[in-house]
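So you can see what is in the structure, the chains are spelled out below.
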Protein chains: 2
Amino acid sequence: MADYYTPGEVARRFGLSLDTLRYYEREGLLTQVERAPSGHRRYRAGDVELLDLVRCLRETDMPIARLREFAELVREGDHTVPQRLQVLEEHDARLTERIAELRRRQEAIRHKIDYYRGVLAERGPEEKEEVR
Amino acid sequence: MADYYTPGEVARRFGLSLDTLRYYEREGLLTQVERAPSGHRRYRAGDVELLDLVRCLRETDMPIARLREFAELVREGDHTVPQRLQVLEEHDARLTERIAELRRRQEAIRHKIDYYRGVLAERGPEEKEEVR
DNA sequence: GCTTGACCTGGAGTGCACTCCACCTTCCAG
DNA sequence: CTGGAAGGTGGAGTGCACTCCAGGTCAAGC
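As annotated in an unreviewed UniProt entry, chain A carries the name MerR family transcriptional regulator and is attributed to Thermobifida cellulosilytica TB100.

Structural data, given as structure tokens:
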């Protein structure tokens, strides 16, 4: 139990494949990951923390390109906090809008469901014989 | 003002491109669309209604393959209403789960935003001079 | 020492949902 | 009657986010 995580551990923890993990690194979504002398990756707490945010943003559909920009800001240092904040605030707003849209669409779908239920309720009774 | 819509009208109405409209038809997401003798498509009220549902399901991320299955049920006739209902109910449940997940992720993102704001508030005051 | 499982790299391949293109026909306002 | 907009077809191309693969190296228990 050292002070770092192996690729396998990280992959399991976040439900990502090793390939995805490496892909994210190649694409610059993580700060440079340390290596053992053997070349094996060693994920530190900071890597895991950033990855946690990355996954959070990915699962809310932030595109890889935007995530890369964000990761670049992180790499540039503490003076980019205002820009990072802006990225997150904008994403938060998008997310609010997206959730609202999904809710609206869900409403419409539920109306359709109700309509179909009505159809079944109306014709169901007298067709019970016929159908079976 | 006839009792049908042209492709352009339908595309504008739903915010889809003509290519997408034709693509949906090719993929079997619509019931067969009528044609004028010239070959031009004529969308009837029924087509528009189905397309409205299709778009609703697409914008809530139902895959094309599943939409095709649904459209096939529609083409098979009224006796498939129970299956259609099942498809919609399942999608509704998925959607509920998806919305809940987005909300959870949004919570996490907002925590990060608050954290960044804290960072700025703490170091901001004495750096105001320095920064500008 | 050897096997087995985890890890490495560079690069190719995949699946999805469009999107674009070339080239031809049809419609309709002036 | 004509020019431009709208529409048609088949097929190729695109962008995104992975995902897979070959052909190796490394670590650890027996």
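Draft legend 1. Expanded view of the protein's contact with DNA strand D. Around DNA strand D, the surrounding shell holds 19 residues, and the nearest of these are A:Asp19, A:Tyr24, A:Arg58, B:Gly8 and B:Arg41. Sugar and phosphate atoms represent 79% of those atoms of DNA strand D found within 4 Å of the protein. One of the side-chain nitrogen or oxygen atoms of B:Thr6 is found 3.4 Å away from a phosphate oxygen of DNA strand D. B:Gly8 places a polar main-chain atom, nitrogen or oxygen, 3.0 Å from a phosphate oxygen of DNA strand D. For the surface near DNA strand D, the elements supplying multiple residues, two or more each, are helix H2 (18-26) of chain A together with helix H1 (7-14) and helix H2 (18-26) of chain B. The element contributing the most residues to the surface near DNA strand D is H2(A), with five residues. For the surface near DNA strand D, the per-class residue count stands at six nonpolar, seven polar and six charged.

Draft legend 2. Representation of H2(A). Residues and elements named next belong to chain A. Listed in full, the buried residues belonging to H2 are Leu21, Tyr24 and Glu25. Angular distribution of buried residues about the axis of H2 spans 100 degrees; they occupy a single face of the element. Facing away from the buried side of H2 by more than 90 degrees, the exposed set consists of Asp19 and Arg26. Looking at the buried residues of H2, the elements they touch are helix H1 (7-14), strand S1 (34-35), strand S2 (41-42), helix H3 (45-59) and helix H4 (64-76). Positive backbone phi, approximately 80 degrees, marks Gly28, located one or two places after H2.

Draft legend 3. Unusual backbone geometry, seen in detail. Positioned with a positive phi, A:Asp61 is a non-glycine residue whose angle comes to about 70 degrees. When you line up the elements, A:Asp61 lands in the loop between H3 and H4.

Draft legend 4. Local environment of the relation of the copies chain A and chain B. Take chain A, turn it by 180 degrees, move it 0.0 Å along the axis, and it overlays chain B with an RMSD of 0.0 Å. Both copies of the chain, as the preceding transformation shows, are related through a two-fold rotation axis. Closest to the rotation axis within chain A is the C-alpha of A:Ile99, separated from it by 3.2 Å. An overlap of 100% is found between the interface residues of chain A and their copies at the interface of chain B, pointing to a shared contact surface.

Conventions we followed
Residues numbered from 1 in each chain as written. Chains lettered and ligands numbered in written order. Predicted model: local features only at pLDDT ≥ 70, side-chain atom pairs only at ≥ 80, totals over all residues. Heavy atoms only, no water. Near = heavy atom within 4 Å. Polar contact = N/O pair within 3.5 Å; in protein donor to acceptor, adjacent residues only side chain to side chain. Helix = DSSP H or I, 4+ residues; strand = E, 2+ residues; numbered from the N terminus. Nonpolar A, V, L, I, M, F, W, Y, C, P; charged D, E, K, R; others polar. Buried < 20%, exposed > 50% of the residue type's maximum accessible area, 1.4 Å probe, protein only. Arc of directions from axis to C-beta. Contact = heavy atoms within 4.5 Å. Least-squares fit on C-alpha atoms with pLDDT ≥ 70 in both.

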